[in-house]
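Each chain, written out:
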Amino acid sequence: MTSGVAPDFKAFLKQPEVQKAISNINPELRDRRRYKPSQCNVLTEAYTMLQKQEQYRFDIDPEAKKLLPKIIDKRVEKIVKATNPGSAFKYRYGKKRKIGIVFSGGPAPGGHNVISGLYDAVKKANPDSEIWGFLMGPDGIIENEAKHLTKDIIDYYRNLGGFSMIKTGRTKIDTQEKIELSKETCKALELDALVVVGGDDSNTNAAFLAQEMYDDGIQVIGVPKTIDGDVQAKDANGKVLCAMSFGFHTAARSFSAAVSNLCTDCSSDVKYWHICKVMGRSASHIALEIALQTHANITLIGEDIANYTDSAQVDQAEKDGKIDFRAYGITLRHLSRVLCNAIVRRAEAGKNYGVMVIPEGVLEFINEIQMLIIKLNTIIALHNRTHDDDFHTAFPTLESKFEQLRRITRRKTGAAGIWNQQDHDLFSDMPDFFQEGLLTERDSHGNFQFSLVKTEKVLMEMVKDYLKELADTGKYKQGISKAWFRKTLIRENIDPDLFGPVLFKNYADDMLVLKRAIISKKTFELALKKKKLIDKEGSVPASIEKVYNKTVPKFKTQTHFYGYDGRGNAPTRFDCIYTYNLGFTVFSLIANGATGVMAAIRNLEKEFSEWEPIGIPIAPLMSLEERKGKLELVLEKTLVDVNSNAFKVVETLREKWLAAQPGPDQFRKPGPIRFDGASEENRPLTLQLNGLESGCE
Ligand code: FBP
């Protein structure tokens, strides 16, 4: 390799066309930075105020009342125009403020626009007010690492993806010590308000910080962020207050574009099943949206799987006068059978290819796995609480962890009641990489890290094993076209109508499937010999051999993971507008003295003109949940509702999209994310469908 750049090449690099081609600034970037998202009418007003919405009520958890007394009685408040604001109101509204903002958890497209919306609103009310961004997530608050966000910084990131402006982190402000340090930082910086942009855990932290800093007059506002789409809010009567967190649309659309391309690819070279694991730590909202966007052949929805009941097993138990708990919830083995069934049916229809979408959190919905995860979480948490070291440091290798589990099964005290021989046997039967996956370190929130487990590999290994069993027993065969069969034989002057009925179970059809008893080349030849179509010693004609080879199914897979790529995508126009308005909503809540509330936009599922900026109190949404082996007061994640329109559509069209008959597949091509133009889509399909009157009972 030579070093340095030749003088001629230096001159080449200086040419304007070359400079333009290699610049970091491209037309898309310029367009995005220039784009001004639309604003809800009310947010364009000079002064806004909050109007209590008494029609929404909540079933309040007694623990929330006990732990968050200063913010528990807050109501949902709608942002409305302040009519005839007096001078005291105007002074309060427009007083000089210093507001801190933090990103918490995984990046989600649109975060920068929350900041730019907040910045524009703050500056509109008082040009001397300032926004400070905490660096690297909640650690920035704890360690007082913040930077003043100036116009240049804000303008640089308008409508762009990621959280690169101030970065993010997963630290949880979940101990009194961390809360105290955060309070000290907010006081030291003389903040009027702190804005926490995060998911369920981060909004939980926001509520506790609001409670803690109430008497200091430091307001805390949450913003619903996560590509997983599981930060949503309804009141006790099921009235939707926040239909979706921001970032979901962009990530799901980005994954859909990639999955759709695979649908096109597999139906072109017709030899692969593309297995697509998609992000979504627990809830399957992303997978559901991908199903609607692409009509992939198979999409698993965790919440649907959890809902599974084996009715035959229930009936049998009833007859025996018992309750069989094992009949509720699917097992890993059963799920692999369901997948095999679909693969076999498509193969019989001549389609030895397809696209399967698996949500990364699917294992959590499988009863037996869920039990193991809960038990292992508890064992790890118990160890960490009772010893001075950490479980993963104490038992660094799989072997040592396994040995510790074995010791627990033999013990009579401590974690012994949690882990029994049956658990140990189930765990021991799992492949090494899966055992390792189940024992990986939990994240800082104590969550099991599904994105680190090869969910698709676990399932595909089981699928492959069972497909082999099905092939060996004659139940898995590749269908071939009758026209092709006839043409191939006629070319060698062989009468297809003599051979066809001997070989195929359905010679009258257009797509032919070998008879069940023909399970190998040997049995294939035997069938022909028996009917004297080939003599005992004679070799099989080349065309017949070709037919046999074509009937042997081959399950070849390509696996893909869609997660970080879509999370880093530049926001869709929907997410740009949604988040910019969230930024304005945050300011209106702060200017009107709110705290312990989450900024949200009601009616996201409707036309933009109907969007309604609101503040939702966080504390009444919280309840007790098991975390790190103990009960904690948290904001609940919203899972896919299996009675929702969106899910019912997928369920109803599942068979159609599987397309297990000869003929074309039913793929939908959403195309890449468009920021502009007539084909740009204005909101997630899940929201569009859920916003319509239901056709279900
Ligand atoms: P948030 O809920 O924090 O927004 O993160 C969501 C997510 O992208 C999940 O879909 C995924 O399981 C997880 O983050 C991955 O975590 P990490 O970034 O730590 O690998």
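The written sequence of each chain sets the order in which its residues are numbered from 1. The predicted nature of this model means local features are confined to residues of pLDDT at least 70 and side-chain atom pairs, given and counted, to a pLDDT of 80 or more, with totals for whole chains, interfaces and linings taken over all residues. Side-chain metrics in this entry use all non-hydrogen atoms of the structure; hydrogen atoms and water are not considered.

Novice: Can you explain the pattern of salt bridges? Please cite residues and give values.
Specialist: Any carboxyl oxygen of Asp or Glu that lies within 4 Å of a side-chain nitrogen of Lys or Arg is treated as forming a salt bridge with it. Counted under the stated rule, the structure contains 37 salt bridges. Two residues, lysine 52 and glutamate 77, come together in a salt bridge whose shortest N-O distance is 3.6 Å. Of the two residues, lysine 52 sits in strand 1 (residues 48-52) while glutamate 77 sits in strand 2 (residues 77-81), which places them 25 residues apart along the sequence. Relative accessibility decides the category of a residue: with a 1.4 Å probe and only protein chains considered, values under 20% of the type maximum give buried, values over 50% give exposed, and everything between is partly exposed. Take lysine 52: its relative accessible area is 48%, and that puts it in the partly exposed class. Overall, glutamate 77 belongs to the buried group, its relative accessible area being 15%. Aspartate 215 serves as the salt-bridge partner of lysine 70, at 2.8 Å between the closest nitrogen and oxygen. What counts as a helix is a DSSP run of H or I of at least four residues, what counts as a strand is a run of E of at least two, and both are numbered from the N terminus.

Novice: Describe the pairing of strand 7 (residues 219-224), with residues and values.
Specialist: Taken across its six residues, strand 7 has six buried, putting it largely inside the fold. Relative to strand 7, strand 6 (residues 193-198) runs parallel, the two being bridged by six bridges. Opposite valine 197, over in strand 7, you have valine 223 as the bridge partner. Assessed by its sense of winding, the connection that carries the chain from strand 6 through helix 10 (residues 200-212) to strand 7 is right-handed. When strand 7 meets strand 16 (residues 597-602), the two strands line up parallel, connected through two bridges. Bridging from a neighbouring strand, isoleucine 221 pairs with valine 597 of strand 16. In this description, strands pair whenever DSSP reports at least two bridges between them. Call a crossover right-handed when, viewed with both strands pointing away from you, the route from the first strand across the helix to the second goes clockwise.

Novice: Could you give an account of the packing of helix 18 (residues 398-410) against helix 19 (residues 421-428), naming the residues involved and the relevant values?
Specialist: Only C-alpha atoms enter the line fits that serve as axes; for helices the fit covers just the stretch in contact. Angles between N-to-C directions range over 0 to 180 degrees. Closest axis-to-axis distance for the helix 18/helix 19 pair is 9 Å, and the angle between their directions is 155°. With respect to each other, helix 18 and helix 19 are oriented roughly antiparallel. Between helix 18 and helix 19 the crossing geometry is left-handed. Within the contact between the two elements, helix 18 uses Phe402, Leu405, Arg406 and Thr409 and helix 19 uses Gln421, His424, Phe427 and Ser428. Residues are grouped as follows: Ala, Val, Leu, Ile, Met, Phe, Trp, Tyr, Cys and Pro are nonpolar; Asp, Glu, Lys and Arg are charged; all remaining types, including Gly, are polar. Here the contact of helix 18 with helix 19 is composed, by residue class, of three nonpolar, four polar and one charged. Oblique is the label for any angle not covered by the other classes, which are roughly parallel (under 35 degrees), roughly antiparallel (over 145) and roughly perpendicular (65 to 115). Each crossing is labelled by how the near helix is turned from the far one, with a counterclockwise turn of less than a right angle marking it left-handed and a clockwise turn marking it right-handed. Contact between two residues is taken to exist if any of their heavy atoms lie within 4.5 Å; hydrogens are not considered.

Novice: Report on the packing of helix 23 (residues 496-503) against helix 24 (residues 521-530), specifying residues and quantitative values.
Specialist: Packing of helix 23 against helix 24 leaves a shortest axis separation of 10 Å and a crossing angle of 120°. Comparing their axes, helix 24 and helix 23 come out oblique. Helix 23 and helix 24 meet at a crossing whose hand is right-handed. Within the contact between the two elements, helix 23 uses Phe499, Val502 and Leu503 and helix 24 uses Phe524, Ala527 and Leu528. Grouping the amino acids of the contact of helix 23 with helix 24 by side-chain chemistry returns six nonpolar, no polar and no charged.

Novice: With reference to specific residues and values, describe a nonpolar patch on the surface.
Specialist: Patches here are clusters of residues that have more than 30% relative accessible area and form no salt bridge, with a 9 Å joining cutoff for like charges and a 5 Å cutoff for nonpolar side chains (Val, Leu, Ile, Met, Phe, Trp, Tyr). Residue-level accessible areas treat just the shown protein chains as cover; the underlying method is Shrake-Rupley with a 1.4 Å probe. A cluster of nonpolar side chains, Val5, Phe9 and Phe12, forms an exposed patch at the surface whose accessible area comes to about 270 Å². When its relative accessible area of 37% is taken as the criterion, phenylalanine 12 is described as partly exposed.

Novice: So what about the site of the ligand? Which residues, and what values?
Specialist: We call a residue near a molecule or strand whenever a single non-hydrogen atom of that residue lies within 4 Å of it. Every one of the 14 residues lining the ligand counts as a neighbour, but Gly106, Arg170, Asp228, Glu360 and Tyr564 are closest to it. One nitrogen or oxygen atom from the side chain of lysine 225 is found 3.0 Å from an oxygen atom belonging to the ligand. Counted as a polar contact is a pair of N or O atoms within 3.5 Å, where, for protein atoms, one must be capable of donating a hydrogen and the other of accepting one, and residues adjacent in sequence contribute only when both atoms are in side chains. One of the backbone nitrogen or oxygen atoms of glycine 280 is found 3.4 Å away from an oxygen atom of the ligand. Within the complex, 87% of the 480 Å² of free accessible area of the ligand lies under protein. In the shell around the ligand, the residues fall into three nonpolar, five polar and six charged. Residue ranges assigned to the domains are those given by an automatic or database domain assignment. Each of domain 1 (38-246 + 571-635) and domain 2 (248-469 + 557-566 + 643-690) gives at least three residues to the shell around the ligand.

Novice: Which residues make up helix 15 (residues 332-348), and what values do they have?
Specialist: To estimate the expected span of a helix, count its residues, drop one, and scale the result by 1.5 Å. The end-to-end C-alpha distance of helix 15, which contains 17 residues, comes to 24 Å, matching closely the 24 Å that a straight helix rising 1.5 Å per residue would cover. In the stretch just after helix 15, glycine 350 is the one whose phi turns positive, near 85°.

Novice: Pulling in residues and values, what's your account of the side chain of threonine 595?
Specialist: By the secondary structure assignment, threonine 595 is in the loop between helix 27 (573-591) and strand 16. Of the residues examined, threonine 595 reaches a relative accessible area of 5% and is grouped as buried. The contact partners of threonine 595, leaving out residues within four places of it in the chain, are Ile71, Lys74, Ala210, Tyr214, Ile218, Gln219, Val220 and Ile221.

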